[in-house]
Amino acid sequence: MADKKNNYDVSSIQALEGIEHVRKRPGMYVGGTDIKALHHLVYEVVDNSIDEALAGFCTSINITIHADSSVTVEDNGRGIPVGPHPSKKDANGKPMETVDVVMTVIGAGGKFGGGGYKVSGGLHGVGISAVNALSEWMTTEIKRDGKLWKQEYKRGMPQGKIKQIGKAEKDESGTKQTFRFDKQIFTEDIDFRFDTLVQRFREMAFVTRGVTIKFVDERAEREMTFYFEGGITSFVRYLNRNRENLHSVVYVEKEIEGVGVEASIQYTDAYTESVYSFANTINTIDGGTHLTGLRSSLTRVINDYARKNGLLKDADPNFSGDDTREGLTAIVSVKHPGPQFESQTKVKLMNPEVQTYVTQVVGEAFGTFLEENPQAAKTIVAKCLTSARARDAARKARDLVIRKSALESLTLPGKLADCSERDTSKTELYIVEGDSAGGSAKQGRDRHFQAILPLRGKILNTERARLDKILGNNEVKALISALGTGIGDNFDLEGLRYGRVIIMTDADVDGSHIRTLLLTFFFRYMPKLIEEGHLYIAQPPLYRIAFKNTVKYVYSDKEKDKTIKELGDKANLQRYKGLGEMNPDQLWDTTMSPENRTLLLVTVDDAAEADRTFDMLMGDAVDPRKKFIQTHAKSVRNLDV
Ligand code: 0RA
């Protein structure tokens with residue numbers, strides 16, 4: 001192996017070992033082999049182009065998913081340098097090709113030779129080489145110095161030497177990468193999700209002002225282009241597009257000790273908070289020091305202003321963080337040369353100094369804004385007062401609900417068909433959409449351990465309504481009492497009356513709507529229920545296929561085609577449009593019987609991502625809502641019970 005006496009930097013051997021390691025342990029590099037990891041591959045490659053944009057050399061990034069699910073990422077940056085690498089040598093002591101270093105040496109990334117980047121993708125930072133190692137094949141094309149170059153890789157290994165394959169215009173440069181993820185590694189039947197990628201590219205474009213990101217999906221002939229002249233100010237306007245704002249967007253940008261801090265803030269009449277934080281363009285969904293800095297400085301500045309101007313009386317307590325958060329829409333984005341993240345998958349910024357910087361920058365700017373805009377300041381303070389009072393009222397209402405549900409048997413909702421078993425490791429609650437399906441479920445169930453709660457109509461959209469209103473809703477009240485846990489801060493898993501809570505809705509758009517609302521409700525008010533693995537989604541069949549003495553229920557169109565082939569064309573096909581079309585026996589056999597059914601376990605990750613998407617896409621617009629629901633319906637993991 002490494003022969004130190006010969007003074008060889010045996011990078012190519014290291015590269016080989018690196019590639020093998022990545023392929024053996026994809027979890028360490030891209031977080032696994034599931035769909036999230038698959039998306040990670042794309043982000044990793046795009047991050048390199050974003051780095052070029054952040055360094056000021058790239059204005060355009062084109063991403064294409066091809067029909068065979070290979071992906072191309074093309075930018076107009078400087079292009080990876082062509083020629084021998086200044087330090088890395090191969091096994092024979094000869095300098096390695098720069099492109100091979102970037103593409104095969106794990107951890108090499110683009111940061112070398114001093115003239116690298118001010119900031120870099122950081123979180124993903126595992127380098128394109130990891131993507132290359134996990135790809136069946138990958139090609140890199142480089143335009144630089146009037147030439148067009150191409151290098152090819154198979155499962156991370158260079159195929160010969162980089163070749164010139166043509167010319168480039170004199171002032172043309174850039175890098176074009178195409179990869180096909182390796183089915184030997186990603187063995188699950190998964191493919192890229194347009195909506196998930198769109199979401200990420202939109203965010204990247206918002207926080208990388210001036211870059212144009214074009215995303216084409218050739219699998220379905222759809223495309224989207226993002227360019228935001230106003231950067232994160234555009235982002236805030238976008239988030240608030242369906243809300244009534246209380247003032248114009250407050251924007252601040254400042255560099256402290258080499259750390260770039262940028263924030264955009266606007267209060268609206270909404271009841272929820274929409275705050276997003278980014279570190280080096282990466283959406284830090286678990287927040288971190290930058291987010292804490294933003295929130296605490298807003299609370300402090302608003303309290304200071306309200307006291308100073310007599311809007312809070314001596315007897316009044318200070319506004320809490322919750323009070324100043326209601327109706328807040330804000331983005332904080334930091335660019336840090338050495339970001340520290342909690343871990344690879346938990347996306348949280350840890351650098352302690354960032355909190356100080358953000359508090360300082362945001363505090364100054366927002367304080368000045370309030371001083372200079374007394375009308376806006378008054379409206380914001382009034383909003384905080386209202387939410388403080390509403391929170392108080394909600395607390396009382398909530399206590400009432402909890403006290404009531406303590407008297408369990410007395411307050412169990414009339415619509416609930418309870419089971420006789422009391423051991424929660426055995427009991428199940430089916431939440432069923434509609435009274436007619438509820439009827440079938442009641443007749444079809446095993447009443448020993450299965451309880452049924454039919455919910456009528458659409459329950460309230462939790463994003464738009466305030467907590468106290470939601471608690472007033474009869475459907476939600478029934479749900480809370482049936483579960484027995486209480487909600488929010490008073491949630492107590494000990495009270496849970498059913499070990500499995502199963503959402504059972506139709507396999508149509510309305511069904512996914514009500515499922516979405518329920519998931520959002522659970523995520524926001526009973527997250528523990530999801531964390532502890534108690535929430536499931538039932539999977540009713542789409543078709544019943546009968547031939548002679550055989551009856552088969554199938555759950556997807558793919559399965560349907562296969563089954564018809566097996567049974568022959570004469571098979572009788574019945575499509576179920578709703579749960580109501582099944583008789584009680586069929587419902588039991590296909591969807592409720594533990595022996596035959598498939599339940600999908602709802603994970604926190606799924607729910608968190610859904611909630612985020614929900615917040616971004618909900619509002620009053622109908623189309624994005626539908627789109628969201630359709631994406632969301634799939635965002636649960638398969639689980640065989
Ligand atoms: C190494 C050095 C330089 C740029 C890059 C890599 C680079 C990598 C990628 C990957 C995708 N797009 C990219 N664009 C650039 C600096 C080049 C120089 O100093 O001229």
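Note that the coordinates shown come from a computational prediction; the quantities given were computed from them, not determined experimentally.

Here is what the cut-offs are and how they apply
- Residues numbered from 1 in each chain as written.
- Predicted model: local features only at pLDDT ≥ 70, side-chain atom pairs only at ≥ 80, totals over all residues.
- Heavy atoms only, no water.
- Helix = DSSP H or I, 4+ residues; strand = E, 2+ residues; numbered from the N terminus.
- Buried < 20%, exposed > 50% of the residue type's maximum accessible area, 1.4 Å probe, protein only.
- Contact = heavy atoms within 4.5 Å.
- Areas by Shrake-Rupley, 256 points an atom, 1.4 Å probe, with all protein chains shown as cover.
- Pairing = 2+ DSSP bridges.
- Axes fitted to C-alpha atoms, helices over the stretch in contact; angles between N-to-C directions.
- Polar contact = N/O pair within 3.5 Å; in protein donor to acceptor, adjacent residues only side chain to side chain.
- Core = buried A, V, L, I, M, F, W, Y, C linked by side-chain atoms within 4.5 Å.
- Left-handed = near helix turned anticlockwise from the far one by under 90°.
- Nonpolar A, V, L, I, M, F, W, Y, C, P; charged D, E, K, R; others polar.
- Salt bridge = Lys/Arg side-chain N within 4 Å of Asp/Glu carboxyl O.
- Parallel < 35°, antiparallel > 145°, perpendicular 65-115°, else oblique.

What follows concerns the overall build of the protein. Regarding its fold elements, the protein presents 21 helices and 25 strands. Among the 641 residues that make up the protein, the fraction classed as buried is 54%. Restricting to contacts in the protein with at least 6 residues of sequence separation, those with at least 24 account for 69%. If you sum the accessible surface of the protein, you get close to 28600 Å²; carbon and sulfur atoms cover 48% of it.

Turning next to the sheet that holds strand E21 (residues 543–547). Spatially, 3 strands are ordered E22-E21-E23 in an open sheet, and the strand pairing comes out antiparallel. In the strand order of this sheet, the two ends are held by strand E22 (550–554) and strand E23 (572–575), each with one partner. Shown here is a sheet whose adjacent strand axes are inclined to one another by a mean of 15 degrees, direction ignored. Sheet analysis places E21 next to E23, joined by 4 bridges and oriented antiparallel.

This part covers the side chain of threonine 284. Counting through the fold element by element, threonine 284 comes out in the loop between strand E15 (282–283) and helix H8 (289–308). A polar contact of 2.9 Å, which involves the side chain of threonine 284, links it to the side chain of histidine 290. Leaving out residues up to four positions away in the same chain, threonine 284 has contacts with Ser277, Phe278, Ala279, His290, Phe341, Val347 and Leu349.

Here the focus is the nonpolar core. One finds Leu41, Val42, Ile63, Phe201 and Ile213 to be the most contacted residues of the largest nonpolar core, which totals 62 residues. Take this core: its biggest share by element is 10 residues, from helix H3 (residues 35–54). Each residue touching phenylalanine 201, except ones within four places of it in the same chain, is listed here: Val42, Val46, Ile63, Ile213, Phe215 and Phe226. In terms of nonpolar packing, the next biggest core, distinct from the first, is built from 39 residues, Ile256, Leu291, Val358 and Ala376 among them.

All right, on to the side chain of lysine 560 then. With respect to the secondary-structure elements, lysine 560 resides in helix H18 (residues 557–567). Non-local contacts of lysine 560, meaning those with residues more than four positions away in its chain, are made with Tyr543, Ile545, Val554 and Leu573.

With that out of the way, let us pick up the packing of H8 against helix H10 (residues 352–372). As a packed pair, H8 and H10 sit with axes 7 Å apart at the nearest point and diverge in direction by 35 degrees. Note on packing geometry: the crossing formed by H8 with H10 is right-handed. Taken together, the residues of the contact of H8 with H10 sort by class into 11 nonpolar, 10 polar and 3 charged.

Right, let's get into the pattern of salt bridges. Evaluated as defined, the whole model comprises 25 salt bridges. Linking aspartate 47 and arginine 200 is a salt bridge whose minimum nitrogen-to-oxygen distance equals 3.5 Å. Taken together, the positions of aspartate 47 in helix H3 and arginine 200 in helix H6 (residues 194–207) put the pair 153 residues apart, joining distant regions of the chain. We classify aspartate 47 as buried; its relative accessible area is 3%. Look at arginine 200 and you get buried, because its relative accessible area is 7%. Three or more residues are tied together by salt bridges with common partners; here these are Asp191, Asp217, Arg219 and Arg222.

Structurally, serine 264 can be placed in strand E13 (residues 259–267). Look at serine 264 and you get buried, because its relative accessible area is 0%. C-alpha separation for the pair serine 264 and phenylalanine 366, spaced 102 residues apart in sequence, amounts to 9.9 Å. Setting aside residues no more than four positions away along its own chain, serine 264 makes contact with Ile232, Thr233, Val236, Val249, Val250, Tyr251, Thr329, Ala330 and Ile331. Reaching out from serine 264, the side chain makes a polar contact with the side chain of threonine 233 at a distance of 3.1 Å.

This brings us to the packing of H3 against H6. Two numbers describe how H3 lies on H6: the axes approach to 11 Å, and their chain directions differ by 20 degrees. With respect to H6, the element H3 is oriented roughly parallel. The interaxial crossing formed by H3 with H6 has right-handed handedness. Counting all contacts with H3, which are made through His39, Val42, Tyr43, Val46, Asp47 and Ile50, the residues of H6 involved are Thr196, Leu197, Arg200, Phe201 and Met204.

Summarising the sheet, strand E5 (residues 135–144) and strand E9 (residues 174–181) pair through 8 bridges and their orientation is antiparallel. Paired with tryptophan 137 across the two strands is arginine 180, which belongs to E9. By the bridge criterion, 8 bridges tie E5 to strand E6 (residues 147–154) in an arrangement that is antiparallel. Each bridged residue has a counterpart across the sheet, and for glutamate 141 the counterpart in E6 is lysine 150.

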